[in-house]
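Here's the letter readout for the chains.
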Amino acid sequence: MIYTMNRMVTQLNLNADQPGTFLGMSSHFSGDGFADMQFKVEALPKDKFSAWIDETRNAAAAPLTSQAYQDLAKPSTNVAPFAYSAVEPDLFDKVVRQSLPPGPGPVVEASPGAARRGEK
């Protein structure tokens, strides 16, 4: 479970032997919205993948900056897929070194009657 440890790095790999659309899903419970953490992975031939990269880099999409990463790290559910046109230099290292603070955790809501029982 190296991916859950602070300042540790793991790699995500996809070995797509042929073009196609494949189902991706979260494999570990990770909080609210877990049941909806499914996505499509589209494996493209090399020339079409290169064209997609060029199109994405030239799109009007914003780059992934430190601020955009902090916004992205906030809990959310059912967000439509999107892409960034570029990535701020050294952003990955900033995340690993935690020079950017980790995203906030889930908000714990008090159960009805908790105040009456002296709970938070």
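See above for the structure.
Residues numbered from 1 in each chain as written. Predicted model: local features only at pLDDT ≥ 70, side-chain atom pairs only at ≥ 80, totals over all residues. Heavy atoms only, no water.

Quick notes on the pattern of salt bridges
Line of reasoning, step 1. Counted by the stated rule, this structure contains two salt bridges.
Line of reasoning, step 2. Salt-bridge contacts for E88 lead to K94; the nearest nitrogen and oxygen are separated by 2.5 Å. (Salt bridge = Lys/Arg side-chain N within 4 Å of Asp/Glu carboxyl O.)

Examining the side chain of T56
Line of reasoning, step 1. Checked against the element boundaries, T56 lands in helix 1 (residues 46–57).
Line of reasoning, step 2. Using a relative accessible area of 12% as the deciding quantity, one classes T56 as buried. (Helix = DSSP H or I, 4+ residues; strand = E, 2+ residues; numbered from the N terminus. Buried < 20%, exposed > 50% of the residue type's maximum accessible area, 1.4 Å probe, protein only.)

What about the packing of aromatic side chains?
Line of reasoning, step 1. If you walk through the whole model with that rule in mind, you get two aromatic pairs.
Line of reasoning, step 2. With centroids separated by 6.0 Å and ring planes inclined at 20 degrees, the aromatic side chains of F49 and W52 adopt a geometry described as stacked. With a gap of three residues between them, F49 and W52 both fall in helix 1, about one helical turn apart.
Line of reasoning, step 3. What makes F49 partly exposed here is its relative accessible area of 41%.
Line of reasoning, step 4. Their ring planes at 80 degrees and their centres at 5.4 Å tell us that F82 and Y84 sit as a pair that is edge-to-face.
Line of reasoning, step 5. The exposure class of Y84 is partly exposed, given its relative accessible area of 25%. (Phe/Tyr/Trp six-rings, centres within 6.5 Å; stacked < 30°, edge-to-face > 60°.)

Observations concerning the environment of P75
Line of reasoning, step 1. Mapping P75 onto the fold places it in the loop between helix 2 (66–72) and helix 3 (91–97).
Line of reasoning, step 2. Taking the C-alpha atoms as reference points, P75 and G33, 42 residues apart in sequence, are found 9.4 Å from one another.

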